[in-house]
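A closer look at the structure
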Amino acid sequence: NMGITQMVTVFGVQDVAYLGSADGRILSLDLATGDLLTESQAMNGGVVDLVLGDGNALYVATSSQLFKLDVGLSILTQVSLVGALIDLDFETVHGSVYALTSTGLYAFDANLSPQCAVTDFAGTPSTLAIGESGVYVGTQAGILRALTFCQNISGVGMKILDTWRYPRTGSLGSAITSITVDERDVDPIYLAVENGSIHSLSFAGALQWTYQSNASGRLSIPSIDERSGRLFYADSTGTLTILSADGVPAFPVNSTLSHGSAATANTAIDEVRRQTASGMRLFRIYYFGADDGWVYKVESIR
């Protein structure tokens, strides 16, 4: 039994999930059959995070090191981190990797050469997300900071700049556990907070709505259905919730699916068309990984 700590998916001719494990391995899984495709060598510690880069390269982080892997899960390069890894993300326009650690935010190029650093966060950072307009960092105190990308500023060099914070003053009083950016530019930024709430913000940091789940504690990293704008997450009891774009539950989901196992990885959404007795129908498929080592799959029909 191994706990799944993170998951990224590639949908195409073959739908594949790359899973990070608590025992330091990366596994690729055929999502259609559940069969194991490839397995990496064990790294020096459990996998804290992994993200997909250009050319299907994988960036994998343990608590103290950052690795670049090829599609066959072989290690291409690695670098030591300053502080303990909290979160990892990839910025596609400039091909940069951002690592959030206990000491700050660090930007690397695609081959893991250092570029920028921000270390003046008020309190301990807790989570990171990348959007088309910039970088977002949440803190344990419940403050979101919006930042620019790492950029070359004339006379200064490579630097990351502040743009805005949420809330404008004070804090949420509970740690921000994940940030999800909606690339469709509609209610674009979602914060999952440790008290079980979700906050929807505009790109300028204005609050749109909040939703309070029945369970407090860490929520899985929510995923956005780009077609409908629905937000999908699972909580510390393994209960799935699917919210409409205005923050209202869209439809009920089997709350006993994971038998109480906590959702410890992020979530993923796919859709397929299938022939049914009533004609061709669109199915949405929801995946999440849990601390019992299983990946759970839920389907809904439009």
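Let me sum up the structure you'll find in this document. As the structure is a computational prediction, the values presented were derived from the model and not from experiment.

So, the sheet that holds strand β23 (residues 223-224)
Across the sheet, which stays open at both edges, the 3 strands sit in the order β23-β24-β25 with antiparallel pairing between neighbours. Because the sheet does not close on itself, it has two edges, and the strands there are β23 and β25 (240-243). Bridge count between β23 and strand β24 (residues 231-234): 2 bridges; the pairing is antiparallel. Its bridge partner being in β24, Ile224 is matched across the sheet by Leu231.

A few points about the state of the cysteines
Note on terminology: a disulfide is the covalent bond linking the sulfur atoms of two cysteines. The full count for this structure, using the stated rule, is 1 disulfide. Disulfide pairing is shown between Cys116 and Cys150; the S-S distance is 1.9 Å. Judged by the sign of its S-S torsion, about 70°, the cystine formed by Cys116 and Cys150 is right-handed. One end of the pair, Cys116, is in strand β12 (residues 114-118); the other, Cys150, is in the loop between β15 (144-147) and β16 (151-153), with 34 residues separating them in the sequence. A relative accessible area of 7% places Cys116 in the buried class. Cys150 sits in the buried class, given a relative accessible area of 8%.

About the cut-offs
- Residues numbered from 1 in each chain as written.
- Predicted model: local features only at pLDDT ≥ 70, side-chain atom pairs only at ≥ 80, totals over all residues.
- Heavy atoms only, no water.
- Pairing = 2+ DSSP bridges.
- Helix = DSSP H or I, 4+ residues; strand = E, 2+ residues; numbered from the N terminus.
- Disulfide = S-S within 2.5 Å.
- Buried < 20%, exposed > 50% of the residue type's maximum accessible area, 1.4 Å probe, protein only.

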